Amino acid sequence: MVSIIYQCQNCGAQHKKWAGKCDECGSWNSITQETAIGSQAKIKKIINRSKADDIEFLGLKGEQSVPPRMISGMNEFDRVCGGGLVFGSAILVGGDPGIGKSTLLLQVLATLAQKKTTGQHYYISGEEGIEQIRMRAERLHLSEAKVMLAANNHLTNILLSLDKMPIGSVVIIDSIQTLYTEAIDSAPGTVAQIRTCASELIRMAKQKNITVILVGHVTKEGAIAGPKVLEHIVDCVLYFEGERHHQFRILRTVKNRFGPTDEIGIFEMTDSGLQEVINPSAIFIKDRTTQPGSVIFVGLEGTRPVLMEIQTLIAPSSFGTPRRSVVGWDSSRLAMIIAVLETRCRVSLASQDIFLNVTGGLRIQEPAADMAVAAALISSIFKKSLSEKLVIIGEVGLGGEIRGINHCSIRLKEAAKLGFEIAYLPSQPKKQIAGVEKQITLKEIATLEKLMNTIRTQE
Ligand code: TYD
Ligand code: MG
């Protein structure tokens, strides 16, 4: 029996009838009509009829085979994958249209092909023609690489080709939203099409020990269109992000069955494709100013410390409600820091517009940046520039106290490596900062009030 269902393209929730808004995720205009294949009765019948063997249980301890990996030679990409591509794994690379997914993956595939690992290297595009991809390869100076191109978006054809590929091959499908199969009665890009195409592809790839990399476009809301259903059927989910008008791009691990998550790789988009950024800290603070309101913070992106500049600007507000404009940080966190400053340090910002910017198109997510933001605000309020050799790290509590942060010593070492000489930080257990004191002067600050006095009274 074939039945009609209404499914949200954002969260995958099923509804009995069409509605303008999905009750589950709250997104608008995301529900479309789809065909459900099979009915409960049919599923039950098949399950009852199957004569499967029972499963074999094993102990926790046993022979471990470390998944063999392919090193592409693009270090940033390899690190984000947890040390190279795992043979036979399925990877989803999501990102806004035009951010550079096709460019990145063509570069990865071509560098991999040049390293002559086992298997072949295939690029199947459902979006662009062969000519377009060739033009891109030429621009990237990779035309000589042994990559096999195809422009196709028919699932059955791709599955048949996959079946004939040698073991250990790598296949890029650009993009999963363009694939379709007649088995499903809805248009390409709908949840049912995407789910079926992706799971069939992955099943076949696992059988044949082929690595598949799926490209997925992201909707405005930030979810991979057609949607979260893909995230749990793949082994690894990477997001490629960045400001379109900024040259930096960040590849971020969201899920990885074979390695750590929260790892990032940083690239720069140039005329000849994406270049790896080997020393991001130096680049992000390259154009720093020594104006009041500028502070250097040492963030942690995955396992790696990155120095970034936080800038604030305070200007008299011409409206009743002052503006709070934040780029690269959390606006509710800024509101909290402002409230703590006003309450604990008795400064008034009620009639001031506040602008906060994290330079380089980066986005800070950890609370360890609180003290740096507070220092930037204090520096703006009192028009005092901070030393250009200073870094600040620490979390701020509602009582105005500065709280400890994790991985202190890696952050401080990175700052010392780049020539910073002094760090303001909360008091840390001696063990955490052992050995770093010799490289950088540490000034422990316990409260926001002390921070304010330190900045106010400096030369
Ligand atoms: P693309 O890889 O097509 O993006 P996606 O697959 O994510 O949609 O990248 C397109 C953008 O990248 C386009 O705006 C042009 C830019 N670009 C460069 O700046 N330099 C290059 O060498 C290439 C190939 C693309
Ligand atoms: Mg593309």
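The numbers attached to residues start from 1 for each chain and follow its sequence in the written order. Naming scheme: in the order in which they are written, chains are lettered from A and ligands are numbered from 1. In keeping with the predicted nature of the model, local features appear solely for residues at pLDDT of at least 70, side-chain atom pairs appear and are counted solely at 80 or more, and the whole-chain, interface and lining totals rest on all residues. In computing side-chain values, all of the structure's heavy atoms are included and hydrogens and water are not.

(A) Main features of unusual backbone geometry. For the peptide bond that leads from aspartate 174 to serine 175, omega is 0 degrees, which places it in the cis range. We count a stretch as a helix when DSSP gives it H or I for four or more residues in a row; a strand needs E for two or more, and each element gets its number in order from the N terminus. Turning to its location among the elements, serine 175 is positioned in the loop between β9 (170-174) and α6 (191-208). Even without a glycine there, the phi angle at asparagine 209 is positive, about 55 degrees. As for its position among the elements, asparagine 209 is in the loop between α6 and β10 (211-217). A positive phi angle, near 55 degrees, is found at arginine 346, a position not held by glycine. Tracing the sequence through the fold places arginine 346 in the loop between α8 (331-344) and β18 (352-358).

(B) Spatial organisation of the domain arrangement of the protein chain. As annotated, the domain borders come from an automatic or database domain assignment. Here the protein chain is described as being made up of domain 1 (4-39), domain 2 (69-278) and domain 3 (282-457). If you average the C-alpha positions of domain 1 and of domain 3, the two centres end up 45 Å apart.

(C) Geometry of the packing of helix α5 (residues 155-164) against α6. Lines fitted to C-alpha atoms define the axes here, with helix axes fitted over just the stretch in contact, and angles between the N-to-C directions of these axes take values from 0 to 180 degrees. Where α5 meets α6, the axes come as close as 10 Å, and the angle between the chain directions of the two elements is 5 degrees. By the angle between their directions, the pair α5 and α6 is classed as roughly parallel. Packed against α5, whose contacting residues are Leu155, Ile158, Leu159, Leu162 and Asp163, the element α6 presents Cys197, Glu200, Leu201, Met204, Ala205 and Lys208 at the interface. Here the contact of α5 with α6 is built from residues that sort into eight nonpolar, no polar and three charged. Comment on the angle field: the value is read as roughly parallel under 35 degrees, roughly antiparallel over 145, roughly perpendicular from 65 to 115, and oblique elsewhere. When checking whether two residues touch, look at their non-hydrogen atoms; a contact exists if any pair is within 4.5 Å. Gly is placed with the polar residues, together with every amino acid not listed as nonpolar (Ala, Val, Leu, Ile, Met, Phe, Trp, Tyr, Cys and Pro) or charged (Asp, Glu, Lys and Arg).

(D) Quick look at the site of ligand 1. The immediate surroundings of ligand 1 are formed by 16 residues, with Gly98, Lys101, Ser102, Thr103 and Gly273 found nearest. Here a polar contact means two N or O atoms within 3.5 Å. Within protein one must be a hydrogen donor candidate and the other an acceptor candidate, and residues neighboring in sequence count only if both atoms are side-chain atoms. A distance of 3.4 Å separates an oxygen atom of ligand 1 from a polar backbone atom of isoleucine 99. For ligand 1, whose free accessible area comes to 560 Å², the fraction covered by protein is 76%. Among the secondary structure elements, those contributing two or more residues to the shell around ligand 1 are α3 (101-114), α4 (130-139) and β13 (264-270). The element that contributes the greatest number of residues to the shell around ligand 1 is α3, accounting for three residues. The residue makeup of the shell around ligand 1, split by class, is four nonpolar, seven polar and five charged. Any residue with a non-hydrogen atom lying within 4 Å of a molecule or strand is treated as near it. The Shrake-Rupley method, run with a 1.4 Å probe, gives the accessible areas here. Residue values count only the displayed protein chains as cover.

(E) Quick look at the packing of aromatic side chains. The rule is short: rings of Phe, Tyr and Trp, with Trp giving its six-membered ring, pair when the centres are within 6.5 Å, and they are stacked under 30 degrees, edge-to-face over 60, tilted in between. Under the defined criterion, the tally for this structure stands at one aromatic pair. Judged by centre distance (6.1 Å) and plane angle (75 degrees), the rings of phenylalanine 240 and phenylalanine 267 are edge-to-face. Pair noted here: phenylalanine 240 is in strand β11 (residues 236-241) and phenylalanine 267 is in strand β13, with a separation of 27 residues, a long-range link.

(F) The arrangement of the pattern of salt bridges in detail. Each salt bridge in this description consists of a side-chain nitrogen of Lys or Arg and a carboxyl oxygen of Asp or Glu lying within 4 Å of one another. Summed over all chains, the structure comprises 16 salt bridges. Between arginine 136 and glutamate 128 there is a salt bridge whose closest N-O contact spans 2.9 Å. The closest approach of N and O atoms between glutamate 449 and arginine 346, which form a salt bridge, is 3.0 Å. You can see glutamate 449 sitting in helix α12 (residues 448-457) and its partner arginine 346 sitting in the loop between α8 and β18, a full 103 residues away along the chain. Taking relative accessible area as the criterion, arginine 346 reaches 61% and is therefore assigned exposed. The structure contains a network of salt bridges with shared partners spanning Glu76, Arg79, Glu263 and Arg304. Accessible area is worked out with a 1.4 Å probe on protein chains only. A residue is then buried under 20% of its type maximum, exposed over 50%, and partly exposed in between.

(G) Representation of the side chain of serine 380 in the model. Within the secondary structure, serine 380 is located in helix α9 (residues 370-381). For serine 380, a relative accessible area of 12% translates into the label buried. Aside from chain neighbours lying at most four places away, what touches serine 380 is Pro292, Gly293, Thr312, Leu313 and Ile314.

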